[in-house]
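# Fold and geometry: a report
Residues per chain are reported as follows:
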Amino acid sequence: MNLILIGAQGSGKGTQASILVERLGIRHLASGDIFRNAVAQGTPLGLEVKGYMERGELVPDRITIALILDLLRDPAYEKGVVLDGFPRTRDQAKALDDALPQLHRRIDRAIYLNVPREVLLDRLSGRYVCVAHQHVYNIKTKPPKTPGICDIDGSELIQRSDDTPAVIETRLQKFFEDTIQVVHYYRAQGKLLELDGNQPIEEVSRQLLLGLGLDPAQAKPGS
Ligand code: AMP
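The present account deals with the structure reproduced in this document. Note that the structure is predicted; figures quoted are calculated from it, not measured. (Residues numbered from 1 in each chain as written. Predicted model: local features only at pLDDT ≥ 70, side-chain atom pairs only at ≥ 80, totals over all residues. Heavy atoms only, no water.)

## Here's the deal with the environment of Lys79
Positionally, Lys79 belongs in the loop between helix H4 (61-72) and strand S3 (81-84). Residue classification places Lys79 among the exposed positions, given a relative accessible area of 65%. Considering only alpha carbons, one finds Lys79 and Val182, 103 residues apart in sequence, at a separation of 24 Å. The residues touching Lys79, leaving out its near neighbours within four places in the chain, are Met1, Gly25 and Ile26. (Helix = DSSP H or I, 4+ residues; strand = E, 2+ residues; numbered from the N terminus. Buried < 20%, exposed > 50% of the residue type's maximum accessible area, 1.4 Å probe, protein only. Contact = heavy atoms within 4.5 Å.)

Now the structure itself:
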């Protein structure tokens, strides 16, 4: 199954993606993680995209589309993929639709986690990630057991450089202006599954699995 997960920053996309990966045995491909790793490692791609990311702007389509389409050619994604953070513009969605038939694949469903802007602002301003593996915490809704320390690997918790109030504003504005076009794009194709993301994680994932025709109570295949 090839799925697209659409949601603003702080909508719980990453969490639901992990649930889908576990349940369906497919791969997770997050464009933001790929760009962040490239910046951290100082690769040529990282140097090219660093400025856009720090300002909370979108990386230009010419860079993003080539990168993601190239990655999708990897046989590792043949069994299926959850695309997270891509496509983010109508042109990216169109490029994906044009390229997938050559790989004998197509997008089955696009899932939109709908969360009101005020809730997103509140969630993002309290968000911290660990330096070792980017495990996510929130000082209000999911605090670590020891303040400032990751429960899972003991590393330090920091705020992402693009989770500062000014950058959060720009990123959310970009989402509601640009990425919402991608929601309309898949709705027009009859592939959209829209969920209320302003509910507990378990309830969102229950509705998500039901929406995909899966039994939320059943264990993942093969387990
Ligand atoms: P994310 O972790 O998905 O919020 O992405 C972090 C940053 O990476 C974004 O603010 C953009 O600068 C860049 N980025 C990630 N995915 C895309 C995309 N599909 N198109 C353009 N820029 C992207």
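Now that the structure has been shown, the text picks up again.
## Focus: the pattern of salt bridges
A side chain of one charge can pair with a side chain of the opposite charge if their charged atoms are brought near each other. A full pass over the atoms with the stated rule returns eleven salt bridges. In this structure, the salt-bridge partner of Glu194 is Arg187, at a minimum N-O distance of 2.9 Å. Looking at Arg187, the relative accessible area reads 42%, which means it is partly exposed. The salt bridge involving Glu203 is made with Arg206; its shortest N-O contact spans 3.1 Å. Here Arg206 and Glu203 lie together in helix H8 (residues 201-211), a separation of three residues that amounts to about one turn. Residue class for Glu203 comes out partly exposed when judged on its relative accessible area of 24%. (Salt bridge = Lys/Arg side-chain N within 4 Å of Asp/Glu carboxyl O.)

## Focus on the sheet that holds S3
With parallel pairing, the five strands of this open sheet are ordered in space as S2-S3-S1-S4-S8. The open sheet has two edge strands, strand S2 (27-30) and strand S8 (192-196), and neither has a second partner. Averaged over neighbouring strand pairs, the angle between their axes works out to 20° when direction is ignored. Where strand S1 (residues 2-6) meets S3, four bridges bridge the pair, whose relative direction is parallel. Across the sheet, Asn2 pairs through a bridge with Val81, a residue of S3. (Pairing = 2+ DSSP bridges. Axes fitted to C-alpha atoms, helices over the stretch in contact; angles between N-to-C directions.)

## Thoughts on the environment of His104
As for its placement among the helices and strands, His104 is situated in the loop between helix H5 (90-99) and strand S4 (109-114). C-alpha separation for the pair His104 and Glu78, spaced 26 residues apart in sequence, amounts to 9.4 Å.

## Section: the environment of Ile139
Topologically, Ile139 is positioned in the loop between strand S6 (136-138) and strand S7 (157-158). Each C-alpha atom of the pair Ile139 and Gly126 lies 5.2 Å from the other, and the pair is 13 residues apart in sequence. Excluding residues within four positions of it along the chain, Ile139 makes contact with Gly126 and Tyr128.

## Focus: the side chain of Ser11
On the secondary structure map, Ser11 appears in the loop between S1 and helix H1 (13-24). Using a relative accessible area of 4% as the deciding quantity, one classes Ser11 as buried. In this structure the side chain of Ser11 is engaged in a polar contact, spanning 2.7 Å, whose partner is the backbone oxygen of Ala8. (Polar contact = N/O pair within 3.5 Å; in protein donor to acceptor, adjacent residues only side chain to side chain.)

## Some details on helix H3 (residues 44-55)
Three or more residues of H3 are buried, namely Gly46, Val49 and Met53. Within H3, the buried residues cover an arc of 90° as seen down the axis, which keeps them to one side. Exposed residues pointing more than 90 degrees away from the buried face of H3 are listed as Pro44 and Leu47. In the core, the buried residues of H3 are packed alongside helix H2 (31-41) and H4. In the stretch just after H3, Gly56 is the one whose phi turns positive, near 80°. (Arc of directions from axis to C-beta.)

## Some points on unusual backbone geometry
In this chain, Phe86 is followed by Pro87 through a cis amide linkage whose omega measures -5°. With phi around 55°, His104 is a residue other than glycine that occupies positive phi space. Despite not being glycine, Gln134 has its phi angle at roughly 60°, a positive value. With respect to the helices and strands, the residue Gln134 is situated in the loop between strand S5 (127-130) and S6.

## Quick word on the site of the ligand
As a structural note, the neighbourhood of the ligand is formed by 16 residues, with Ser31, Arg36, Glu57, Gly85 and Arg171 the closest of them. The contact in question runs from a nitrogen atom of the ligand to an N or O atom on the side chain of Ser31, over 2.7 Å. Taking Glu57, its main chain carries an N or O atom lying 2.6 Å from an oxygen atom of the ligand. Ranked by residues supplied to the shell around the ligand, first place goes to H2 with four residues. When the residues that make up the shell around the ligand are grouped by side-chain class, the tally is five nonpolar, six polar and five charged. (Near = heavy atom within 4 Å. Nonpolar A, V, L, I, M, F, W, Y, C, P; charged D, E, K, R; others polar.)

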